[in-house]
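# Tertiary structure, described
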Amino acid sequence: MIRIDSVTKRYPDGTVAVDRLSLEIPDRSITVLVGPSGCGKTTTLRMINRMVEPSEGAITLDGVDISRQPVNSLRRSMGYVIQNAGLFQHRTIVDNIATVPRLLGWNKARARSRARELMERVGLDGSLAKRYPYQLSGGQQQRVGVARALAADPPVLLMDEPFSAVDPIVRKGLQEELLRIQDELGKTIVFVTHDIDEAIRLGSMVAVMRTGGRLAQFAPPAELLSSPADTFVEDFLGVDRGIRRLSFFTSETLELEKTPIVAVDATAEQIASRSTSETPYLLVTGLDGRPLGWSEPGDLVAGDITPEQLLSYGHPFEYGRDSLRAALDAAVLSPTGWAVAVDGAGRAAGVVSQQTIGEAIRAAHAKGLTDAKVAG
Ligand SMILES: Nc1ncnc2c1ncn2[C@@H]1O[C@H](COP(=O)(O)OP(=O)(O)OP(=O)(O)O)[C@@H](O)[C@H]1O
């Protein structure tokens, strides 16, 4: 565990970048430092690998004060990823990734083979190995940066705004990739961002810092959203906190309706028997069980149902895997006001009304509030 114990950093010009910060960063999970520009995030991160030395307080790694550890070996146990990747422009991709293993004395062949393995792990095509950084897109360069940081298999990864310079779609891809890699590798990751959505998406724990380098709140994202410590945190979280909080509630609590569903080859009896007074529409599925669209029962003629005549259902949510936020979104975007739930294979698992989703949200909020009280 990395433990930051009452650490202050005062730069020579008198700027207090970090002010009596204490944090316990749990092993094998992602801890995010987030806050407005200049609140001391980068300074904190750099104190962990001793690129910056604290003025007061101590940082320990597994109980050992890092100021007593040789800087070189400390840094080798900590991969470091920065914005714009910071790649060596005159080295090929494979040699960029192989940098630290080479410094550790691995022979060229072994270091390169490790580098190629990591390219695959971070989702980079092997054909890019011999290219130079300028021949890659920004998103690809960031992947190289992550691969390079992972090359010597350090237990800790320090990431400073690694995805800030890429567009939102590439950024989302990189975030997903990081979560996937983290699932596989279980590193202790300290991740700096000024983007609260990124913090909530990636962090198991999120430290919100305020200007002046002080800690405003340290909590799991769901707790930040449900119980912000003060108005600073509340403002920083933004206006749609209630909606975003739904991401943490599973859709598994929803009771699905299975009756108003017919296959495209439904008989007249099936169409009649599956229509109910509560559900003015029927969901039509293909023969493979995947949803095709909605229809009023009266518009369906057995033996002559075509996908073209159906109303779009917007997009489905995956029951149990997706959150109540996804379910609500599916219902809001559905022209019938009903959301379509699918299983992992994309087959219709049932349908659910906005009203039922609303009830599940109220129940989840009530339970969430109780949990927060219990925890607090
Ligand atoms: N070498 C330095 N000398 C003096 N002041 C510094 C130095 N480095 C950073 N600072 C100041 O310390 C404060 C914290 O800076 P830091 O870079 O840690 O913040 P940050 O939260 O990472 O900001 P950003 O999101 O803008 O990168 C700022 O006021 C900054 O101007």
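Keep in mind it's a predicted model, so treat the numbers as computed, not measured.

## Side note on the UniProt feature "domain: ABC transporter" (unreviewed entry) in the protein chain
Under the UniProt annotation, the feature "domain: ABC transporter" (unreviewed entry) is placed at residues 2-237. Annotation note: span residues 2-237, helix share 38%, strand share 25%, distance between end C-alpha atoms 26 Å.

## Examining the domain arrangement of the protein chain
When the parts of a complex come together, some accessible area is lost, and that lost area is often used as the size of the interface. Split by domain assignment, the protein chain resolves into domain 1 (2-245) and domain 2 (252-360). Look at where the C-alpha atoms of domain 1 and domain 2 centre, and you get two points 43 Å apart.

## Let's talk about the site of the ligand
Near the ligand you find 13 residues, and of these Tyr11, Ala17, Ser37, Thr42 and Thr43 are the closest. Residues belonging to the shell around the ligand are distributed by class as follows: three nonpolar, eight polar and two charged.

## A word on the pairing of strand S7 (residues 156-160)
Burial within S7 is extensive, with four of its five residues counted as buried. In the sheet, strand S6 (residues 78-82) pairs with S7 via five bridges, with the strands oriented parallel. Among the inter-strand pairings, Val81 is bridged to a residue of S7, identified as Met159. Across five bridges, the pairing between S7 and strand S8 (residues 188-193) is parallel. From the neighbouring strand, Leu157 faces S8, where its bridge partner is Ile189. You can see the chain leave S7, run along helix H7 (residues 168-185) and come back into S8, and the turn it takes is right-handed.

## Looking at the nonpolar core
In this structure, Val32, Ile97, Ala147, Leu158, Val206 and Ala207 are the most contacted members of the largest nonpolar core, which totals 70 residues. Apart from residues lying up to four places away in sequence, Ala207 is in contact with Leu23, Thr31, Val32, Leu33, Leu215 and Phe218.

## Thoughts on the confidence of the model for the protein chain
In the predicted model, the protein chain carries a mean pLDDT of 91, and the fraction of residues at 70 or more is 98%. Low pLDDT (under 50) marks residues 372-376, which in the prediction has three contacts with non-local residues, meaning those over four places away or in another chain. Among the prediction metrics, the complex's ipTM stands at 0.96, with pTM recorded as 0.82.

## Observations regarding the sheet that holds strand S3 (residues 30-34)
As summarised here, the arrangement of the six strands in space is S6-S7-S8-S3-S9-S10, forming an open sheet in which the pairing is mixed. Each edge of the open sheet is held by one strand with a lone partner, namely S6 and strand S10 (214-219). Across the sheet, the mean angle separating the axes of adjacent strands is 15 degrees when strand polarity is ignored. Pairing geometry for S3 and strand S9 (residues 205-210), over four bridges, is parallel.

## Notes on the packing of helix H6 (residues 138-150) against H7
Where H6 contacts H7, the two axes come as close as 10 Å, and the packing angle between them is 25 degrees. Accordingly, the angle class assigned to the pair H6 and H7 is roughly parallel. At the point where H6 passes H7, the crossing takes the right-handed sense. Contact with H6, carried on its side by Gly138, Gly139 and Gln142, involves Val170, Gly173 and Leu174 of H7 and no other residues of that element.

## Side note on H7
The end-to-end C-alpha distance of H7, which contains 18 residues, comes to 25 Å, matching closely the 26 Å that a straight helix rising 1.5 Å per residue would cover. Regarding H7, the residues found buried are Arg171, Leu174, Leu178 and Ile181. The buried residues of H7 occupy one face: seen down the axis, they fall within an arc of 85 degrees. Residues of H7 that are exposed and point over 90 degrees away from its buried face: Pro168, Ile169, Leu179, Asp183 and Glu184. Tucked inside the fold, the buried residues of H7 contact helix H5 (108-121), H6 and helix H8 (196-202). Just downstream of H7, Gly186 is the residue with a positive phi angle, here 55 degrees.

## A short note on the pairing of strand S1 (residues 2-10)
Taken together, the five bridges between S1 and strand S4 (residues 56-61) define a ladder with antiparallel strand orientation. Along S4, the bridge assignment pairs Arg3 with Thr60. As judged from the six bridges shared by S1 and strand S2 (residues 16-25), these two strands associate in the antiparallel manner. The partner of Arg3 across the bridge, within S2, is Glu24. Linkage of S1 to S2, two consecutive antiparallel strands, is achieved through a turn of five residues, within which Gly14 is found at a positive phi near 95 degrees.

Reading the values: rules and limits
- Residues numbered from 1 in each chain as written.
- Predicted model: local features only at pLDDT ≥ 70, side-chain atom pairs only at ≥ 80, totals over all residues.
- UniProt positions renumbered as here; feature names shortened; annotations may be inferred.
- Helix = DSSP H or I, 4+ residues; strand = E, 2+ residues; numbered from the N terminus.
- Domains from an automatic or database assignment.
- Near = placed C-beta within 6 Å.
- Nonpolar A, V, L, I, M, F, W, Y, C, P; charged D, E, K, R; others polar.
- Buried ≥ 20, exposed ≤ 12 C-beta atoms within 10 Å, placed from the backbone.
- Pairing = 2+ DSSP bridges.
- Right-handed = clockwise from strand over helix to strand, strands pointing away.
- Core = buried A, V, L, I, M, F, W, Y, C linked by C-beta atoms within 7 Å.
- Contact = placed C-beta atoms within 7 Å.
- pLDDT = per-residue confidence, 0-100.
- Axes fitted to C-alpha atoms, helices over the stretch in contact; angles between N-to-C directions.
- Parallel < 35°, antiparallel > 145°, perpendicular 65-115°, else oblique.
- Left-handed = near helix turned anticlockwise from the far one by under 90°.
- Expected span 1.5 Å × (residues − 1).
- Arc of directions from axis to C-beta.

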